[in-house]
Amino acid sequence: MGVFFWVVAIALAILILIFFGHLYLGGNFRRQGAYRLVGLPSSAPHFLATVASMSDSLMTEGAIARFWSDIDRIQTARLQLISQAQELIQFETFMMTPGERSAKFATLLKQKAAEGVTVQVLADSYGAHSLPATYWRQLQNAGVEVRFFNPFSKRAPLDFLRRNHRKLLVVDQQIAMVGGAGIADCWDGKDQYAGETPWYDFEVELRGKVVGLLTGFFWQHWLSEGGTVDLQNHLPERAHRSESVPVLITPGEDPSMGDSPIRSLLHLCIASAQQRLWIASPYLLPDKATCQMLTDAHEHGVDVRILTMGPKSDKPYVCYVSRERYGLLLQQGIKVHEYQPSMMHAKIILIDDRWVSFGSANLDPRSFFHNDELNICTSAPALVQDVHEFFQQGFGESCLIQPDHWQKRPLKQKLMGRLGNLFYWQL
């Protein structure tokens, strides 16, 4: 063997040691401590206050104006809301890709900037990397302010693992839209996975005091990436509405293994369920502690069901790892439904007939420990009903995984799942 071979082999071995050394030093192989959460029924008058105090969340109020579960209507509603802006447009997202959706989005933003509206776009530097530099230059030349979240730095390369997974649109500090869809044609089914069928996702429109807080959360990220904020223009009390309901905002910013607001929120939701706990999460990678909490809820008579992605997945390797971990749930009788028509991308939790938690967070380590996320929890009756119907439709178009069928999945899936499971804490 030549010298070149040994140089490459040694370099590769060093890279592998550095990678696993980072995982080790970061605590990715630590044993999880066992704990229990009891005594918080969803009907308790102090439910929201308790969840807020234990998940670093903020309590406020607001009105849930509309709920969409059709991708074309979601994207159309975004454009309509932007077109109505008079003063300020704030938009942050994870995924933006070249195509019709991003082109229409850019055209409208440039138009609003020409009208004198302040337009601020914060895109994740990784999730939007496929858009060419010319796309962003055209926006900036038209007067649109553009920032990128956490670009790669040679001075801190491992920091690049932190991503901004939020999807938030705020217009004039009066109306906000929160959901899961990015500015990408794949949500319309125009990809190699969905088979021309739109992805299954959602969006919620909010008004009231909650919008003022969401404006502030956007500006926190905006400042971190070098933007300018004039706080004299912040009007948090601007959009009061008489039909407001309690709202909890969980930002999940810069989490760690020891301090994860999103994980705390999810565990509190599980612990509070008395009759029903329905969870939608495409990237279903529960840790042992979460599986145990789901098992405890099921053993106490709670109807625990999970809606997740099926064979038409945008990340097949994650799907294999997810299926590898089904055993912890299936052996306890928990129902796992894989959505069949296309990619299931929604992240929602329905607790009894009382509470809904929705936003950008998945039931996976990345949302728990790496990403900046944004979840909203509320008891709005109309939203509870809309989400109930969303789940019913999703379950109706899914395959209920049977333990014996899961055991007989193809050998390739098992091997890929077990291999990917070695990197579980980074997925």
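The following paragraphs examine the structure supplied in this document.

1. Brief notes about the overall build of the chain
Line of reasoning, step 1. The secondary structure content of the chain amounts to 14 helices and 15 strands.
Line of reasoning, step 2. For 427 residues, the compact-globule estimate of 2.2 N^0.38 gives 22 Å, and the chain sits close to it at 22 Å.
Line of reasoning, step 3. When its C-alpha atoms are laid out on the principal axes, the chain stretches across 65 × 60 × 40 Å.
Line of reasoning, step 4. In the chain, which comprises 427 residues, the share counted as buried stands at 55%.

2. Some details on the pairing of strand β13 (residues 355-359)
Line of reasoning, step 1. The buried fraction of β13 is high, at five of five residues.
Line of reasoning, step 2. Where strand β12 (residues 348-351) lies against β13, four bridges are found, and the strand directions are antiparallel. Within the sheet, the bridge partner assigned to Ile348 lies in β13 and is Phe358.
Line of reasoning, step 3. Between the end of β12 and the start of β13, which pair antiparallel, lie three residues, with Asp352 showing a positive phi angle near 50°.
Line of reasoning, step 4. With four bridges joining them, β13 and strand β14 (residues 375-378) adopt antiparallel strand pairing. Across the sheet, the residue bridging to Ser357 is Cys377, located in β14.

3. Here's the deal with unusual backbone geometry
Line of reasoning, step 1. Its identity is not glycine, yet Asp56 carries a phi of approximately 55°, on the positive side.
Line of reasoning, step 2. For Asp56, the position within the fold is in the loop between α2 (47-54) and β1 (58-68).
Line of reasoning, step 3. Judged by relative accessible area, Asp56 falls into the partly exposed class, the value being 48%.
Line of reasoning, step 4. Even without being a glycine, Gln173 presents a positive backbone phi close to 55°.
Line of reasoning, step 5. Among the secondary structure elements, Gln173 is positioned in the loop between β5 (168-171) and β6 (175-179).
Line of reasoning, step 6. On the basis of relative accessibility, which here comes to 4%, the residue Gln173 falls in the buried class.

4. Considerations on the packing of helix α9 (residues 316-324) against helix α14 (residues 411-421)
Line of reasoning, step 1. Where α9 meets α14, the closest approach of the two axes is 7 Å, and the angle between their N-to-C directions is 90°. As summarised for this structure, α9 and α14 are arranged roughly perpendicular, according to the angle between their axes. Residues Tyr320, Val321, Arg323 and Glu324 of α9 pack against Gln413, Lys414, Met416, Gly417, Arg418, Gly420 and Asn421 of α14.

5. Topic: a nonpolar patch on the surface
Line of reasoning, step 1. Residues Phe5, Trp6, Ile10, Ile14, Leu15 and Ile18 make up a contiguous nonpolar surface patch of roughly 650 Å² in combined accessible area.
Line of reasoning, step 2. Looking at the secondary structure, you find Ile14 in helix α1 (residues 3-25).

6. Description of helix α8 (residues 288-299)
Line of reasoning, step 1. Taking 1.5 Å per residue, twelve residues should reach 16 Å; α8 reaches 16 Å between its end C-alpha atoms and fits that length.
Line of reasoning, step 2. The set of residues buried in α8 consists of Ala289, Thr290, Cys291, Met293, Leu294, Thr295 and Ala297.
Line of reasoning, step 3. Where α8 is buried, its residues meet α7 (261-272), β9 (276-280), β10 (303-309), α10 (327-330) and α11 (365-369).
Line of reasoning, step 4. Immediately downstream of α8, the backbone of Gly301 shows phi near 90°, a positive value.

7. Quick notes on the environment of Asn141
Line of reasoning, step 1. Residue position: Asn141 is located in helix α5 (residues 133-141).
Line of reasoning, step 2. Judged by its relative accessible area of 69%, Asn141 is exposed.
Line of reasoning, step 3. When the C-alpha positions of Asn141 and Asp191 are compared, they lie 31 Å apart, and in sequence the two are 50 residues distant.

8. Description of the packing of aromatic side chains
Line of reasoning, step 1. Counted by the stated rule, this structure contains 19 aromatic pairs.
Line of reasoning, step 2. For the pair Trp278 and Phe395, a centre-to-centre distance of 5.2 Å together with 80° between the ring planes defines the contact as edge-to-face. With Trp278 in strand β9 and Phe395 in helix α12 (residues 381-396), this pair connects stretches of sequence that are 117 residues apart.
Line of reasoning, step 3. Take Trp278: its relative accessible area is 3%, and that puts it in the buried class.
Line of reasoning, step 4. By relative accessible area, Phe395 is classed as buried at 9%.

Scoring rules and cut-offs
- Residues numbered from 1 in each chain as written.
- Predicted model: local features only at pLDDT ≥ 70, side-chain atom pairs only at ≥ 80, totals over all residues.
- Heavy atoms only, no water.
- Helix = DSSP H or I, 4+ residues; strand = E, 2+ residues; numbered from the N terminus.
- Rg over C-alpha atoms; globule rule 2.2 N^0.38 Å.
- Buried < 20%, exposed > 50% of the residue type's maximum accessible area, 1.4 Å probe, protein only.
- Pairing = 2+ DSSP bridges.
- Axes fitted to C-alpha atoms, helices over the stretch in contact; angles between N-to-C directions.
- Parallel < 35°, antiparallel > 145°, perpendicular 65-115°, else oblique.
- Contact = heavy atoms within 4.5 Å.
- Patch = residues over 30% accessible without salt bridge, like charges linked within 9 Å, V, L, I, M, F, W, Y side chains within 5 Å.
- Areas by Shrake-Rupley, 256 points an atom, 1.4 Å probe, with all protein chains shown as cover.
- Salt bridge = Lys/Arg side-chain N within 4 Å of Asp/Glu carboxyl O.
- Expected span 1.5 Å × (residues − 1).
- Phe/Tyr/Trp six-rings, centres within 6.5 Å; stacked < 30°, edge-to-face > 60°.

Purely spatial values, then, with no claim about function.
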